[in-house]
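Coordinates in review
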Amino acid sequence: MNVRPEILLLLAAMGVVTYGPRWFPILFLSGKRLPPWFRAWLDFIPAAILSALIFPSLVTKGTPRTFLLWSPELMVALPTFLFALKTRSLGGTVVVGMFLYWAVGIWG
Amino acid sequence: MFHLFRQGLKAAWPICLGYLPIGLAFGVIAGNFGLSVAEIGLMSLIVFAGSSQFIAVSMLHAGAGLLPVVTTTFVVNLRHLLMSSALADRLGKVSRPLGALFAYGITDESFAVNTARFQDEDWDYGRALLVNHISNAAWIVSTMLGGAFGRFIPEGGLGIDYALTAMFLCLLVYQLRNRLHVLVAIVSGILAVLFALWLPGNAYVILASVPAAAAGAALRNTLAREKKGPPVEDPS
């Protein structure tokens, strides 16, 4: 259970640069009356970020990344997405997605 | 109090489930690269950002020094700036220490869950904070377990590797509130794929979502003006 001092220093520095971007917007923006165009932009940010996180993980692979038209991830994503659209159940979607991915792994 | 905790747990369990395989994998790799279990736990506590932790340990293993690792960490985690901005708008007025405490737990996953909850339930600071910290605890524990016992754990059991993707898919569905949101999501997704193919790292998250969200806001403004309504409809 040892922690080397140079590792601790590195972790502290990583912690500071990671915490900054997490904190500054809350520090400076929360409770402020933001301009309407900025609020409109922020309103679209969650949909944009989620989509930007999901799409590349479905159709690209490897480093450097290459395009993949038909991956198991994408094949499972389509019915999982439809299930989410139909039921709007987060827990159900997670279980269905996991099951389908597991099934594709067995038969694929 | 117990009721509050149960609500937080109910919202956070998909995150915990998703963190388990990733945390275990991280623990195994970090352990193989020479980090002690205590160092792994401290990194998960102090940094608490999955992908940047993977990148940091592989850079360390390749002999990189402090400055390159810290700079890379900064760039990889810069996307939290956007999430924190969007959450600041929904949190409303919070005291400085409470805001600082909340900021610590902002990750892709807690951001996604909390924005969905803020949108259509009576979600508040306390519940959102619980989601952050339950996820944080799950991350710390699973990375340390990976470091300590990772070699004995079978890989890819029960499709658990797909838990976070499935969770993100459902949370995306929650965000598709009207046609403009669908359009923004499609544009952002396509841009993200193009940037991901073009550039290494995860800059694609910011590069795709900033212009896509701006296009959505601009389009909404134009449509509102055509209808001669107020210039911009106030988002919920």
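Structural notes, computed from the coordinates. Computed from a predicted structure; not experimentally measured.

Topic: the packing of aromatic side chains
Given two aromatic rings, one states the distance between the centres and the angle between the planes to describe the pair. Tallied over the entire structure, the rule returns 13 aromatic pairs over all chains. Ring geometry for Tyr19(A) against Trp23(A): centres 5.7 Å apart, planes inclined by 25 degrees, an arrangement best described as stacked. Highlighted residues: Tyr19(A) and Trp23(A), both in helix α1 (residues 5-29), separated by four residues, approximately one helical turn. Here Tyr19(A) falls in the partly exposed class, since its relative accessible area comes to 25%. Using a relative accessible area of 23% as the deciding quantity, one classes Trp23(A) as partly exposed. Judged by centre distance (5.8 Å) and plane angle (40 degrees), the ring pair of Phe99(A) and Trp102(A) falls under tilted. Placement of both Phe99(A) and Trp102(A) in helix α4 (residues 90-107) is noted, with a separation of three residues, approximately one turn of the helix. On the basis of relative accessible area, Phe99(A) is assigned to the partly exposed category, the value being 47%. Classification of Trp102(A) as partly exposed rests on a relative accessible area of 34%. Within the aromatic cluster, the residues linked to one another by ring pairs are Tyr19(A), Trp23(A), Phe24(A) and Phe28(A). The cationic tip of Arg117(B) hangs over the ring face of Trp123(B); the distance from NZ or CZ to the ring centre is 5.4 Å.

Here's the deal with helix α7 (residues 108-120) of chain B
The first and last C-alpha atoms of α7(B) sit 19 Å apart over 13 residues, in line with the 18 Å expected at 1.5 Å per residue. Counting buried positions over the 13 residues of α7(B) gives 12, a clear majority of the element. Taken residue by residue, α7(B) has Asp108(B), Glu109(B), Ser110(B), Phe111(B), Ala112(B), Val113(B), Asn114(B), Thr115(B), Ala116(B), Arg117(B), Phe118(B) and Gln119(B) as its buried positions. Looking at the buried side of α7(B), the elements it contacts are α2 (36-59) of chain A together with α1 (2-32), α5 (80-91), α6 (96-104), α8 (125-149) and α9 (163-175) of chain B.

Notes on the pattern of salt bridges
Residues and elements named next belong to chain B. With the rule as written, the count across this model stands at eight salt bridges over all chains. Its salt-bridge partner being aspartate 108, residue arginine 79 comes within 2.9 Å of it at the nearest N-O pair. One end of the pair, arginine 79, is in the loop between α4 (66-76) and α5; the other, aspartate 108, is in helix α7, and 29 residues separate them in sequence. An identical accessibility class is assigned to arginine 79 and aspartate 108; each is buried.

Procedures and definitions
Residues numbered from 1 in each chain as written. Chains lettered and ligands numbered in written order. Predicted model: local features only at pLDDT ≥ 70, side-chain atom pairs only at ≥ 80, totals over all residues. Heavy atoms only, no water. Phe/Tyr/Trp six-rings, centres within 6.5 Å; stacked < 30°, edge-to-face > 60°. Helix = DSSP H or I, 4+ residues; strand = E, 2+ residues; numbered from the N terminus. Buried < 20%, exposed > 50% of the residue type's maximum accessible area, 1.4 Å probe, protein only. Lys NZ or Arg CZ within 6 Å of the ring centre and 35° of its normal. Expected span 1.5 Å × (residues − 1). Contact = heavy atoms within 4.5 Å. Salt bridge = Lys/Arg side-chain N within 4 Å of Asp/Glu carboxyl O.

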